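The lines below spell out each chain.
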Amino acid sequence: MDRRIGWLFIVLLLLPCAVALGQVRVERGVSEALAESRKTCISNVRYELRMDIPAEKAEAVRGTVVVEFDWHGTDDLQLDFQGKRLDNTVEIWHGGKDVGRSEVVETVFRDEHVVLPKRSLREGRNVVALSFVSGDGALNRSNDYMYTLFVPDHARSVFPCFNQPDLKAHFSLRATLPTDWEIMSCTQCGVVDEGDGRKTAVFAETPLLPTYLFSFVAGRFSVAGATVDGREMTAFYRETDSAKVAQLPAIFGEAARSLRWMEQYTGIAYPFPKYAFVILPGYQFGGMEHPGCIQFNDRTVFLGQNPTPDERLARTKLIAHETAHMWFGDLVTMRWFDDVWTKEVFANFMADKISREMFPDIDHDLLFLKAHHAAAMSVDRTDGTPPIQQPLDNLCHASMLYGNIIYHKAPIVMQMIERQMGAERLQKGLRRYLDTYKNGNATWDDLIAILAREAPEARLSEFDGVWVKQRGMPLFTYSFDGKNLVVRQNDAAGRGLVWPQTVKMGLYDEVKGQFDVVEVVSDKAEVRVPVAKKPYAILPNYDGLAYGRFMLDSIATAMSAYSWQLMENATCRFAAIENLHENYLMGNIPVSEYLLTMNTFLMNETDPLLCSVVGSNIAVACNDLQPAERGYMEYYLQNDATSHPLPSVRQQIMRYLSQTVTSPAVAADVYELWLNQTDSLLTPDDYTSMAYHLAVIMPDKWQDILATERKRISQTDKLRAFDYISRACAPDLLSQTELFRSLLKAENRRMEPWTRDMLALLCDPSREQIANSYIEDGLQLLPEIQQTADIFFPGYWISALLGGHHTRQAQEKVEAWIKSKPDCPEQLVNQVKQAMYTLKRRALRK
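Described below are features of the structure shown in this document. Since this is a predicted model, take the numbers as computed values, not measurements. (Residues numbered from 1 in each chain as written. Predicted model: local features only at pLDDT ≥ 70, side-chain atom pairs only at ≥ 80, totals over all residues. Heavy atoms only, no water.)

Some thoughts on the overall build of the chain
Assigned secondary structure in the chain consists of 31 helices and 29 strands. For the chain, whose C-alpha radius of gyration is 29 Å, the value lies close to the compact-globule estimate of 28 Å for 846 residues. Here the chain holds 846 residues, and 59% of them are scored as buried. Long-range pairs, those at least 24 residues apart, make up 73% of the contacts in the chain between residues at least 6 apart in sequence. Accessible surface, the chain: about 33,900 Å² in total, of which carbon and sulfur atoms supply 51%. Of note, the chain has its 90 positive side-chain charges centred 2 Å away from the centre of its 108 negative side-chain charges. (Helix = DSSP H or I, 4+ residues; strand = E, 2+ residues; numbered from the N terminus. Rg over C-alpha atoms; globule rule 2.2 N^0.38 Å. Buried < 20%, exposed > 50% of the residue type's maximum accessible area, 1.4 Å probe, protein only. Contact = heavy atoms within 4.5 Å. Areas by Shrake-Rupley, 256 points an atom, 1.4 Å probe, with all protein chains shown as cover. Lys, Arg positive; Asp, Glu negative; His and termini not counted. Charge placed at Lys NZ, Arg CZ, Asp CG, Glu CD.)

Here it is, written out as structure tokens:
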């Protein structure tokens with residue numbers, strides 16, 4: 001055969017394959033295949049965005065966007081858009097907007113994409129201009145303010161864009177808005193008065209950002225500024241309480257210390273033009289890391305009159321968390337949202353380190369355990385637990401990746417990596433990672449490769465293969481065989497996995513009256529460690545640093561119950577408390593015995609952080625009780641809330657009791673407390689929550705309670721929230737059912753924190769009989785909620801819908817829904833399975 005003919009034959013054979021590979025199906029969302037295809041043919045992206053923001057919420061937000069990019073493709077090009085309306089023609093320039101004439105092109109707009117025909121594009125620089133009407137969801141519009149929240153894929157609901165994290169771009173914004181509104185975005189701006197009550201703000205171009213990190217906020221805000229360490233900072237806020245506004249200098253100071261610490265740790269100066277934030281009422285997250293336009297939840301940042309240590313730390317960690325994101329997530333961004341946990345783990349991990357500097361008198365080893373272990377295990381013990389790193393086929397499903405596993409288990413795993421590598425080598429590896437990928441994108445595997453080169457003996461690839469890429473945790477058992485301490489790991493899922501880690505075991509010597517600590521390298525299913533003699537008792541995970549569930553025998557259970565007497569070290573007492581809690585949840589300790597043990601522990605413990613843990617565990621067990629069983633325990637809790645020596649404990653217990661009380665005698669006392677507001681440790685928000693609950697359990701007084709509480713509220717935003725939520729307190733079943741059915745419409749769920757609180761009241765345990773009828777419709781709505789809501793709301797909806805249930809009937813309804821949804825995304829079903837864990841335990845008790 002002639003060689004030229006042979007090559008021609010091969011080319012003809014391959015040509016259909018090449019065309020097929022180059023084509024990406026148009027489908028809803030942003031598929032991984034589309035993102036990968038665009039990344040190969042698009043670069044150097046810029047957005048020039050013009051937005052017209054009306055004063056009236058009923059009027060649409062309109063805009064134009066000019067998208068510039070270099071194109072080296074062979075197929076039609078898809079822009080992502082999910083807004084209300086798009087002009088069916090676009091204007092395209094080749095070589096640049098100032099070069100040559102433009103071409104008006106008709107486009108195809110379908111399945112949330114604007115399809116630019118390949119014939120209208122040219123190799124090299126292309127400029128595309130589009131006009132649009134934005135959707136309202138990601139604009140978060142209220143009567144006199146709005147804020148954008150684009151994570152993970154909601155930028156496309158506001159303007160046409162390449163909505164994927166690895167196509168970073170420069171953004172410039174020109175926004176027209178009412179003259180009396182303030183506006184903030186990621187860079188500095190100048191303002192031009194347009195007349196007729198309108199002005200235009202023109203913002204400087206941003207550094208490289210992914211679409212999910214671009215943001216702007218506009219509305220009637222108060223503005224404060226400060227200069228700390230030579231750096232100017234700005235805050236927008238709507239709070240009117242002068243005592244809370246007076247906290248702004250402290251908030252600026254905490255932000256400045258976080259910035260200083262991150263610059264020192266990373267060796268990289270703050271990488272963005274400005275540091276500014278807005279404090280928002282009714283905000284659906286704790287915070288969001290838009291550079292130069294950070295968003296904070298007002299209830300976390302503005303503290304009450306008598307904040308607990310937990311609340312002070314929560315504010316510090318939130319500010320540090322969002323500040324750490326400027327380097328981890330913003331400067332270096334994940335390639336795809338399957339690695340979203342990478343940015344979150346470092347934000348939390350760095351926040352834990354930063355808080356050590358700001359709170360030097362606190363036991364931060366204990367604080368780390370308290371902050372992360374219980375939260376991680378609350379999911380990891382369930383059938384619905386995911387691995388830390390999860391696959392993601394489409395960005396429209398990215399919200400389902402968020403949760404306690406990435407926010408809390410991941411920092412535990414990172415702490416293990418730091419112990420294996422050493423703190424200095426981890427810091428060196430992270431600096432290399434940031435320097436290598438700054439202003440770009442990286443994967444978790446890219447990071448692991450760098451860290452593995454720094455510490456090859458740590459065997460990080462093997463460690464990563466189990467801890468990051470597999471779901472679940474080990475169940476530990478132990479025994480003494482006459483010569484050895486035998487420690488066993490069991491994989492409850494039957495895969496035979498072993499989670500390599502070091503476990504410290506406390507062996508009690510009754511002659512010496514103390515614990516001898518044995519370190520066990522648990523890297524096999526069974527490990528034997530020689531010991532000199534049989535211990536009287538074995539307390540597993542003695543220092544609390546290992547991760548898993550540890551079965552207790554009867555002697556270990558008894559000794560753990562008195563660890564407040566036996567152990568001086570607070571982290572050891574924490575481990576004992578959590579081992580007891582896990583064994584209670586596994587059914588190894590009766591609820592009455594467990595509550596008595598925890599209450600005794602609470603009244604004898606002096607560490608406020610440990611008391612907070614014990615108080616939370618008591619709440620879990622009390623919520624397992626049927627209303628008829630709660631009376632005796634509420635009596636004890638009322639005593640704790642008035643007589644415990646630590647104010648933070650009295651505050652925590654009273655908050656819990658005042659929002660869950662059922663027994664008539666204690667409810668009457670809570671009512672008097674609410675009516676006279678005699679507890680100075682409680683905030684106005686606490687009394688409002690108390691009013692909701694009292695109105696539900698006292699139907700004969702519900703209108704008087706709500707009317708009284710409403711008169712106490714002066715802040716406009718809080719009054720709007722009250723008027724929305726308090727409707728759920730109406731005692732007649734028809735009103736409750738109609739209100740629930742109204743939540744099945746997306747427009748009635750727009751204020752997600754309010755919706756969550758309303759649904760929780762509708763599904764209060766005292767209303768369980770009627771709330772059972774909501775389960776099917778509430779679960780049926782989940783796929784729609786996942787598509788229309790922000791990232792945390794599906795979990796909030798599930799918890800509010802199912803959290804008050806105790807019956808087998810409710811369990812069967814949920815199980816039936818799971819079985820009927822074989823095509824539902826696995827991550828969404830997993831969130832329901834996580835809630836099912838508690839429901840199954842309660843139904844089994846009944």
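What about the sheet that holds strand 8 (residues 113-116)?
Spatial strand order, 3-8-7: three strands in an open sheet with antiparallel pairing. The open sheet has two edge strands, strand 3 (77-80) and strand 7 (108-110), and neither has a second partner. With strand direction ignored, the average angle separating the axes of adjacent strands in the sheet is 25°. The pairing of strand 3 with strand 8 spans four bridges and is antiparallel. Residue pairing for strand 8: Leu79 is matched across the bridge by Val114. Packing against the sheet, helix 2 (residues 32-41) makes contact with strand 3 and strand 8, and its axis sits at approximately 120° to strand 3. (Pairing = 2+ DSSP bridges. Axes fitted to C-alpha atoms, helices over the stretch in contact; angles between N-to-C directions.)

Some words on the nonpolar core
One finds Tyr47, Phe69, Phe159, Phe162, Trp327, Phe337 and Met350 to be the most contacted residues of the largest nonpolar core, which totals 154 residues. Counting residues per element, this core draws most heavily on helix 9 (residues 404-421), which supplies ten residues. In contact with Phe69, not counting residues within four places along its chain, are Ile42, Ser43, Asn44, Val45, Leu77, Leu121, Gly124, Arg125, Asn126, Val128 and Phe162. With 126 residues, the next largest nonpolar core counts Val518, Tyr724, Ile818 and Val832 among its residues. (Core = buried A, V, L, I, M, F, W, Y, C linked by side-chain atoms within 4.5 Å.)

What to know about the packing of helix 4 (residues 248-266) against helix 10 (residues 423-437)
Two elements in contact, helix 4 and helix 10, have axes separated by 9 Å at closest approach and are oriented at 95°. By the angle between their axes, helix 4 is roughly perpendicular relative to helix 10. Contact residues: helix 4 offers Gln264, Tyr265 and Thr266, while helix 10 offers Leu426, Gln427, Leu430, Arg431 and Leu434. Among the residues making up the contact of helix 4 with helix 10, the classes are represented as four nonpolar, three polar and one charged. (Parallel < 35°, antiparallel > 145°, perpendicular 65-115°, else oblique. Nonpolar A, V, L, I, M, F, W, Y, C, P; charged D, E, K, R; others polar.)

Points about the sheet that holds strand 18 (residues 275-280)
Here we have five strands laid out as an open sheet, ordered 16-17-18-20-19, and mixed in their pairing. Two strands close off the open sheet at either side, each with one partner strand: strand 16 (222-228) and strand 19 (287-288). Sheet analysis places strand 17 (residues 231-237) next to strand 18, joined by five bridges and oriented parallel. In the strand pairing of strand 18, Tyr237 is matched with Ile279.

Let's talk about the environment of Trp327
Within the secondary structure, Trp327 sits in the loop between helix 6 (309-324) and strand 21 (332-334). By relative accessible area, which is 0% here, Trp327 ends up buried. Spatially, the C-alpha atoms of Trp327 and Ala455 are 23 Å apart, while their sequence positions differ by 128 residues. Apart from residues lying up to four places away in sequence, Trp327 is in contact with Leu259, Met262, Glu263, Thr266, Ile268, Ala269, Tyr270, Pro271, Val332 and Leu434. Of the polar contacts made by the side chain of Trp327, one reaches the backbone oxygen of Ile268; its length is 3.1 Å. (Polar contact = N/O pair within 3.5 Å; in protein donor to acceptor, adjacent residues only side chain to side chain.)

Considerations on the pairing of strand 27 (residues 526-530)
Burial of strand 27 is one-sided: the residues Val527 and Val529 facing one way are buried, the residues Glu526, Arg528 and Pro530 facing the other way are not. Looking at chain direction, strand 24 (residues 484-491) and strand 27 are connected through five bridges and run antiparallel. Across the sheet, Arg488 pairs through a bridge with Glu526, a residue of strand 27.

Quick notes on the pairing of strand 25 (residues 501-509)
Across the nine residues that make up strand 25, a large majority, seven, are buried. Where strand 25 meets strand 26 (residues 514-522), nine bridges bridge the pair, whose relative direction is antiparallel. Bridge assignment links Leu507 to a residue of strand 26, and that residue is Asp516. In textbook terms, the turn of a hairpin is the stretch between consecutive antiparallel strands, and for strand 25 and strand 26 this stretch comprises four residues, one of which, Gly513, has a positive phi near 70°. With three bridges connecting them, strand 25 and strand 28 (residues 537-539) associate as antiparallel partners. When the sheet's bridge partners are listed, Gly506 is paired in strand 28 with Leu539.

Concerning the packing of aromatic side chains
All told, the structure shown has 42 aromatic pairs when counted by the stated rule. A centroid spacing of 5.7 Å and a plane angle of 80° characterise the contact between Tyr402 and Phe792, whose relative ring orientation is edge-to-face. Of the two residues, Tyr402 sits in the loop between helix 8 (364-380) and helix 9 while Phe792 sits in the loop between helix 28 (782-788) and helix 29 (793-802), which places them 390 residues apart along the sequence. One aromatic cluster is present, built from ring pairs that chain together Tyr147, Tyr283, Phe285, Tyr402, Tyr407, Phe792 and Tyr796. A cation over a ring is seen here: Arg712 above Trp674, with NZ or CZ 4.7 Å from the ring centre. A cation over a ring is seen here: Arg727 above Tyr724, with NZ or CZ 4.7 Å from the ring centre. (Phe/Tyr/Trp six-rings, centres within 6.5 Å; stacked < 30°, edge-to-face > 60°. Lys NZ or Arg CZ within 6 Å of the ring centre and 35° of its normal.)

Remember that the coordinates give geometry; whether it matters functionally is a separate question.
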